[in-house]
Amino acid sequence: MAKRALITGITGQDGSYLAELLLDEGYEVIGVMRRSSTTNIERISHIQDRLTLVLGDLMDEVSLINVLRDHRPSEVYNLAAQSFVQASWSQPVLTGEATALGVTNSRSSLWTPIHRHPSATAAANARLKLGTAPLRSP
């Protein structure tokens, strides 16, 4: 039986590369996409027929629990994040919620009793800076 990986942020640069790598390694790949009025699958169009794409939202822990329950991955990769740098500066609260609450929800959804506990990996933005210094636009 092939290993099953679940990737949030699959339509982003890192998620699409990881999906391709895992597919080449023989994994079954489930990609979580946020519900949107427009769908951008440009980066995964060449492998879309080899993926299972599902709707989920890191801001909604119940949707993540449902995806985990329905697909029972052995590995989870959380690569979802605010991807538009300019928006991260003009919408800092939304960016903070997606970055912090999204990771919290993705991690806590793994510990529900409805499924075995998969291996989990979360990526962080290299530009994320913590401390007391005021934030400045790059």
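Worth saying up front: this structure is predicted, and the values here are computed from it rather than measured.

Some words on unusual backbone geometry
Then step 1. Positive phi, close to 45°, is recorded for Arg72, a residue that is not glycine.
Then step 2. On the secondary structure map, Arg72 appears in the loop between helix H2 (61–71) and strand E4 (75–78).

Remarks on helix H1 (residues 13–24)
Then step 1. Counted at 1.5 Å a residue, the expected span for H1 with its twelve residues is 16 Å, and the 17 Å between its end C-alpha atoms agrees.
Then step 2. Three or more residues of H1 are buried, namely Gly15, Ser16, Leu18, Ala19, Leu22 and Leu23. Taken around the axis of H1, the buried residues stretch over an arc of 165°, which confines them to a single face. Facing away from the buried side of H1, by more than 90 degrees, are the exposed residues Asp14, Tyr17 and Asp24.
Then step 3. Gly26 sits one or two residues past H1 and shows a positive phi near 90°.

Some details on the nonpolar core
Then step 1. Counting 14 residues, the largest nonpolar core has Ile7, Ile10, Ala19, Leu22, Val29 and Leu51 as its most contacted members.
Then step 2. At the level of secondary structure, the elements contributing two or more residues to this core comprise strand E1 (4–8), H1 and strand E2 (28–33).
Then step 3. In terms of residue count, H1 provides more of this core than any other element does, four residues in total.
Then step 4. By size, the runner-up hydrophobic cluster in this structure holds seven residues, among which are Val32, Val54, Val67 and Leu68.

A look at the pattern of salt bridges
Close approach of charged atoms allows side chains of opposite charge to pair.
Then step 1. In total, this model carries four salt bridges according to the counting rule given.
Then step 2. Measuring nitrogen to oxygen at the nearest pair gives 3.5 Å for the salt bridge that ties Asp24 to Arg50. Of the two residues, Asp24 is situated in helix H1 and Arg50 in the loop between E2 and strand E3 (51–55); the sequence distance between them amounts to 26 residues.
Then step 3. Classification of Asp24 as exposed rests on a relative accessible area of 56%.
Then step 4. For Arg50, a relative accessible area of 40% translates into the label partly exposed.

A few points about the environment of Thr99
Then step 1. Mapped onto the secondary structure, Thr99 falls in helix H4 (residues 92–109).
Then step 2. A relative accessible area of 31% means that Thr99 is categorised as partly exposed.
Then step 3. Between the alpha carbons of Thr99 and Ala81 there is a distance of 6.1 Å; along the sequence they are 18 residues apart.

Thoughts on the environment of Ser16
Then step 1. If you trace the backbone, Ser16 turns up in helix H1.
Then step 2. Considering only alpha carbons, one finds Ser16 and Ser45, 29 residues apart in sequence, at a separation of 9.5 Å.
Then step 3. If we skip the residues at most four places from it in the chain, Ser16 touches Ile10, Arg43, Ile44 and Ile47.

Calculation criteria
- Residues numbered from 1 in each chain as written.
- Predicted model: local features only at pLDDT ≥ 70, side-chain atom pairs only at ≥ 80, totals over all residues.
- Heavy atoms only, no water.
- Helix = DSSP H or I, 4+ residues; strand = E, 2+ residues; numbered from the N terminus.
- Expected span 1.5 Å × (residues − 1).
- Buried < 20%, exposed > 50% of the residue type's maximum accessible area, 1.4 Å probe, protein only.
- Arc of directions from axis to C-beta.
- Core = buried A, V, L, I, M, F, W, Y, C linked by side-chain atoms within 4.5 Å.
- Salt bridge = Lys/Arg side-chain N within 4 Å of Asp/Glu carboxyl O.
- Contact = heavy atoms within 4.5 Å.

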